[in-house]
Amino acid sequence: MWPLERVWDEGNRTPVLLASVAIIIGIAVADWLTKPFVAFGVLYLFPIMLVAGFLPRWAIALLGVGCAVLSEQFSSLDRSTVRLAFETLALAGCGLFVAELLRNRRLTLQGQERLKALVETSPAAIVTVDEKGFIDLANNAAVELMAPRDGKLVGGPVSAFLPELHHALRWEDAPQFRATMQCRGHRGDGTSFTADVWFSTYKEGPRPKLAAIIADVTEDTVTAGTPATGLLERSTLADRELGVLRLVVQGLANKEIAASLNISESTVKNTLQQLFAKTNVRTRARLVREALEQYRDLL
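Keep in mind that this is a model prediction, so the values were computed, not measured. (Residues numbered from 1 in each chain as written. Predicted model: local features only at pLDDT ≥ 70, side-chain atom pairs only at ≥ 80, totals over all residues. Heavy atoms only, no water.)

Chemist: Tell me what's going on with the overall build of the protein chain, and back it up with residues and numbers.
Modeler: What the protein chain contains, in helices and strands, is eleven helices and five strands. Scored against the burial criterion, the 299 residues of the protein chain give a buried share of 38%. A separation of at least 24 residues holds for 53% of the contacts in the protein chain among residues at least 6 apart in sequence. Accessible area of the protein chain: about 17100 Å², with a carbon and sulfur share of 61%. (Helix = DSSP H or I, 4+ residues; strand = E, 2+ residues; numbered from the N terminus. Buried < 20%, exposed > 50% of the residue type's maximum accessible area, 1.4 Å probe, protein only. Contact = heavy atoms within 4.5 Å. Areas by Shrake-Rupley, 256 points an atom, 1.4 Å probe, with all protein chains shown as cover.)

Chemist: Go over the environment of Gly185, please, and point to the residues and values.
Modeler: One can find Gly185 in strand β3 (residues 178-186). When the C-alpha positions of Gly185 and Leu162 are compared, they lie 4.9 Å apart, and in sequence the two are 23 residues distant. Residues within four places of Gly185 in sequence aside, it is in contact with Phe161, Leu162, Thr191, Ser192 and Phe193.

Chemist: Please set out unusual backbone geometry residue by residue, giving values where relevant.
Modeler: In this structure, Ala147 takes a positive phi of about 40° despite not being glycine. Positive phi, close to 60°, is recorded for Asn280, a residue that is not glycine. Inspection of the secondary structure assignment puts Asn280 in the loop between α10 (265-279) and α11 (284-294). The class for Asn280 is exposed, based on a relative accessible area of 55%.

Chemist: Can you lay out the environment of Leu118 for me, pointing to particular residues and giving the numbers?
Modeler: Looking at where Leu118 falls in the secondary structure, it is placed in helix α4 (residues 81-121). For the pair Leu118 and Asn139, spaced 21 residues apart in sequence, the C-alpha to C-alpha distance is 9.5 Å.

Chemist: Break down the pairing of β3 for me, with residues and values.
Modeler: Across nine bridges, β3 lies against strand β4 (residues 192-204) in antiparallel orientation. By the bridge assignment, Gly185 is partnered in β4 with Phe193. (Pairing = 2+ DSSP bridges.)

Chemist: Provide a residue-level description of helix α3 (residues 57-73), including the pertinent values.
Modeler: Between its first and last C-alpha, α3 extends 24 Å over 17 residues, near the 24 Å set by a 1.5 Å rise per residue. On its buried face, α3 is in contact with α1 (13-34), α2 (45-51) and α4. (Expected span 1.5 Å × (residues − 1).)

Chemist: How would you explain the packing of helix α9 (residues 254-261) against α10 if you had to name every residue and give the values?
Modeler: Interaxial distance between α9 and α10 falls to 8 Å at its minimum, and their mutual angle equals 110°. In terms of axis orientation, α9 runs roughly perpendicular to α10. Side by side, α9 and α10 meet where Asn254, Lys255, Ile257 and Ala258 of the first sit next to Glu265, Val268, Lys269 and Leu272 of the second. Class assignment for the residues of the contact of α9 with α10 results in four nonpolar, one polar and three charged. (Axes fitted to C-alpha atoms, helices over the stretch in contact; angles between N-to-C directions. Parallel < 35°, antiparallel > 145°, perpendicular 65-115°, else oblique. Nonpolar A, V, L, I, M, F, W, Y, C, P; charged D, E, K, R; others polar.)

So, in structure tokens, the structure goes:
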């Protein structure tokens, strides 16, 4: 929270409102006593901004009108309806602007608190990663799964625990996407595990970020006898194969890919089979992993 925001804490409502009324009275008295030498009308902006965090919009607008009338009443200039209108717009507009800023800020903070509470209470391992590849949010389940040596995940590089997830980070000009993959994870104690990862990129302001849900499926993988994908020399992809692969990584379904590339859905399926053969994988999730590992520079 910004330091100045503490002024608008709900617990300060009564003191701030009383202080604002006192300031308005003080400005009006000073304006009256100094007439016609000095005008203090512009100072009404400060009490209006103070009460903007507590009053409804109509009350802020009404207060702006009242302060504009006081300013005009004690002005040494001739009475002017136009000047009164502009003063009203300036005072009320400033108050409403500050009120909207505070309202949006509170909604943002409330959303962050709800998200944090949801993440912390989730039994699934959840992490968020910033544009530099460092973990900036992790719940207890994630800490237990990846067992960092110092007991802390936040602030550490995600590449130390899930190298393939680091490859999924996107630059600012890259499209937002969502996908799943299976990869090898590493714990702080040196052991490794097979992880199913569901992740999505998003932007927080101008900064690209990534959120991921991670599950340990080592036992399932061993039971199924799924062979690990080796480090193979990558095959050359045709333009259509590369186009389909880009959209698969972005999380699009076959029908969406067909519509995006203006081709038939059967062509998409055939192209996917070609990609499976060239990357030596059998599932869409593993295809995403191979794409991020071997063809990231082309995506």
